[in-house]
Every structure is written in structure tokens, then in C-alpha cells.
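Given next are the chains, with one letter for each unit.
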Amino acid sequence: MSDFLIWTDGGCDPNPGTGGYGIIIKNNIIQDETEKERERQQGFIKSTNNRMELLAVIEALKEIPKEASVKLYTDSTYVVNHVKGDEKKNNNHDLWKLFDEVMENRNSVEFVWVKGYKKAEITDEIHMNNKRCDEMVHKARKGVLIPDKGYNPKS
């Protein structure tokens, strides 16, 4: 089992538009049940779906020790395909640079694509947490919004 399990989601409505991300981090190392799981979310004035999906991954990994093993679940084909090298990083260069920095010297990160909960049966922890992250995205978009400093509508 991985030291940490992470679920991430991000989105905008419309796209581009008001954005947000949601993150669940489950720590399998510590014994204290009150500290085992934590959530984070943030809303943005204007961004894109892809930026929010990628930013969620970056922000989650920032909280994990580099030596820890991680299994990260996302419904973002954008993130998974780029990480696997199936697609070129033609945009969002600022975030891909941050991604490369947060991945530097990491021993073990496994990226797992999961079918979005709206299209899947919600019968297990993976899909239940995917749904929770999606709900956090919607809540974040209605909360305190900050600028996505790297968002460029021309790119």
C-alpha cells in the first residue's frame, strides 16, 4: 500500500470561467485517525478546466514528503496523458514547470485515471472520494476567489 493516497479534481464553469479545485489526502503512515485524512479546496476568479486539474495535483504533491510513495487518483485525462508522455505540454507552461519542480527527486508517484463519478458506479472509496472532490470544486467556486496569476486567455 502507498504511504499516501490522493484524490484531485478541478474545473471551471464556464470554461474558461470561475474555477476551483478539490483535494483529499489520506495518510497511511500515521496511526492517529484524526490526522489520517485532510481536504483542501480553492476557488479562482478565472481559469480553465485543465489549469485547475493540474493545479490540484501540484498543490496536493506539495504537501507530501518527497520520499513517500503516492498513489494519485484523478479523472483528468489531460493530466494523466501529459504525465505518461502521450501528449506534449503545449500550454500552461507555468504550471508544468511547477509540476516538474514538485516531482523532482520523488521516488514513487503513481498516477491513476478514474472515470468521473457521474459516469461510474459509486461503490468504492476511489469513486466516492472522486465525487467528494468534485463537490469541493463546486463549493470552492462559490467561496473566496483568488486570481489564477498564470491564466492567460490568449494561450
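This text follows the structure it describes.
Rules of the game
Residues numbered from 1 in each chain as written. Predicted model: local features only at pLDDT ≥ 70, side-chain atom pairs only at ≥ 80, totals over all residues. Heavy atoms only, no water. Helix = DSSP H or I, 4+ residues; strand = E, 2+ residues; numbered from the N terminus. Buried < 20%, exposed > 50% of the residue type's maximum accessible area, 1.4 Å probe, protein only. Pairing = 2+ DSSP bridges. Contact = heavy atoms within 4.5 Å. Axes fitted to C-alpha atoms, helices over the stretch in contact; angles between N-to-C directions.

K.L.:
Can you lay out unusual backbone geometry for me, pointing to particular residues and giving the numbers?
P.N.:
With an omega dihedral of -5 degrees, the bond running from D13 to P14 counts as a cis peptide bond. Within the secondary structure, P14 sits in the loop between β1 (4–13) and β2 (17–27). Look at the link from N15 to P16: it is a cis peptide, with omega at -5 degrees. Structurally, P16 is set in the loop between β1 and β2. A positive phi angle, near 55 degrees, is found at N92, a position not held by glycine. Relative to the helices and strands, N92 resides in the loop between α2 (77–83) and α3 (93–103). If you check the backbone angles, N105 has positive phi at about 65 degrees while not being a glycine.

K.L.:
Explain the pairing of β2 to me, using residue names and the numbers behind them.
P.N.:
Summarising burial for β2: 10 of the 11 residues are buried, a large majority. Where β1 lies against β2, 10 bridges are found, and the strand directions are antiparallel. Considered in β2, the bridge of C12 is made with G19. Hairpin connection of β1 to β2: three residues between the antiparallel strands. Direction of pairing for β2 relative to strand β3 (residues 37–47): antiparallel, over a ladder of nine bridges. What sits directly across from G22, in β3, is Q41.

K.L.:
Any chance you could break down the sheet that holds β2 for me, citing the residues and the numbers?
P.N.:
Strand order across the open sheet formed by six strands is β5-β4-β1-β2-β3-β6, with mixed pairing between neighbours. Lying at the two open borders of the sheet, with one neighbouring strand each, are β5 (108–113) and β6 (145–146). In this structure, strand β4 (residues 69–74) lies alongside β5, joined through six bridges in parallel fashion. Bridging across to β5, L72 finds its partner in F111. Sheet strands touched by helix α1 (residues 49–62): β1, β2, β3, β4 and β5. Its angle to β1, the strand with the most contacts, is close to 155 degrees.

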